[in-house]
Amino acid sequence: MEARELPQMRRVQESGTQRLEKLLEAVIERLDNGPSEERSRPRWHPSSTGYGYQDDTHDLSRSQMSARQAISAKLPSFDGNPEDWPNFEASFEETTRLCGYSDGENVVRLRQALKGKALKAVQSRLRRAEHLDEAMQTLRNTFGRPESVRTTAGVILLDAVGRHGHGAIGNLSSRQR
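This section reports on the structure supplied with the text. All chains use their own residue numbering, which begins from 1 and follows the written sequence. Whole-chain, interface and lining totals are the exception, using all residues; otherwise, since this is a predicted model, local features are given only for residues with pLDDT of at least 70 and side-chain atom pairs are given and counted only at 80 or more. Excluded from the side-chain calculations are hydrogens and water; all other atoms, namely the structure's heavy atoms, are used.

## Here's the deal with the overall build of the protein chain
Under the DSSP-based scheme used, a helix requires at least four consecutive residues in state H or I and a strand at least two consecutive residues in state E, with every element numbered from the N terminus. Helix and strand counts for the protein chain stand at nine helices and zero strands. Sequence-ordered secondary structure for the protein chain, helices as α and strands as β, is α-α-α-α-α-α-α-α-α. For the protein chain, the proportion of its 177 residues judged to be buried stands at 25%. Residue contacts follow a heavy-atom distance rule, with two residues in contact if any of their heavy atoms lie within 4.5 Å. Sequence separation of at least 24 residues holds for 60% of the intrachain contacts in the protein chain that already meet a minimum separation of 6. Exposure was quantified through the Shrake-Rupley algorithm and a 1.4 Å probe, taking into account, for residues, occlusion by the shown protein chains and nothing else. Carbon and sulfur atoms make up 52% of the accessible area of the protein chain, which amounts to about 12,700 Å² in all. Note on exposure labels: buried denotes an accessible area under 20% of the residue type's maximum, exposed denotes more than 50%, and partly exposed covers the range between, all computed with a 1.4 Å probe on protein chains only.

Structure representation (structure tokens):
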């Protein structure tokens, strides 16, 4: 190391030290003055999964960045069949949690995945990220109810009886055992 490089290195070191001191002063001032209304109110990640807070920059952890490379962002298609809802919802929530998808990203994913009755049920709510929670709640209430699954199963059973007679009931019950 040459002697003329030392003054430059000292200036760089002093500059970095000064920036750290200013940052530390700002943090201490915030702590001393108490949180402002805006800072004290956490920004809740309003997705249906509720997996934490989201700041304005939407920072991702290393594991979330890795998961985004390993896991497809694409959700399975969902057309409103209540029997498919649990799988669809689990896929949505798990990939959101693992990959840290923002509400905006999730709205785009839902637009791509929803079809038919499911899309019609929430299409107006898929225009803005702020409405993601409402869209998911509507889907949950409409297609995730146990009575919807029972109704669908009942229609299938009636259809089978209509096509194959009462023997279809015996065939179905023996398959379930």
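## Some points on the environment of L60
Within the secondary structure, L60 is located in the loop between α2 (37-40) and α3 (62-70). Residue classification places L60 among the partly exposed residues on the basis of a relative accessible area of 27%. For the pair L60 and G100, spaced 40 residues apart in the sequence, the C-alpha separation amounts to 6.5 Å. Contact partners of L60, with chain neighbours within four places excluded, come to M65, R68, C99 and G100.

## Comments concerning the pattern of salt bridges
In what follows, salt bridge is the name for a side-chain nitrogen of Lys or Arg lying within 4 Å of a carboxyl oxygen of Asp or Glu. The full count for this structure, using the stated rule, is six salt bridges. Its salt-bridge partner being R68, residue E105 comes within 2.9 Å of it at the nearest N-O pair. Remark: R68 occurs in helix α3 and E105 occurs in helix α5 (residues 103-113); sequence separation between them is 37 residues. A single salt-bridge network, built from bridges that share partners, covers E89, E93 and R140.

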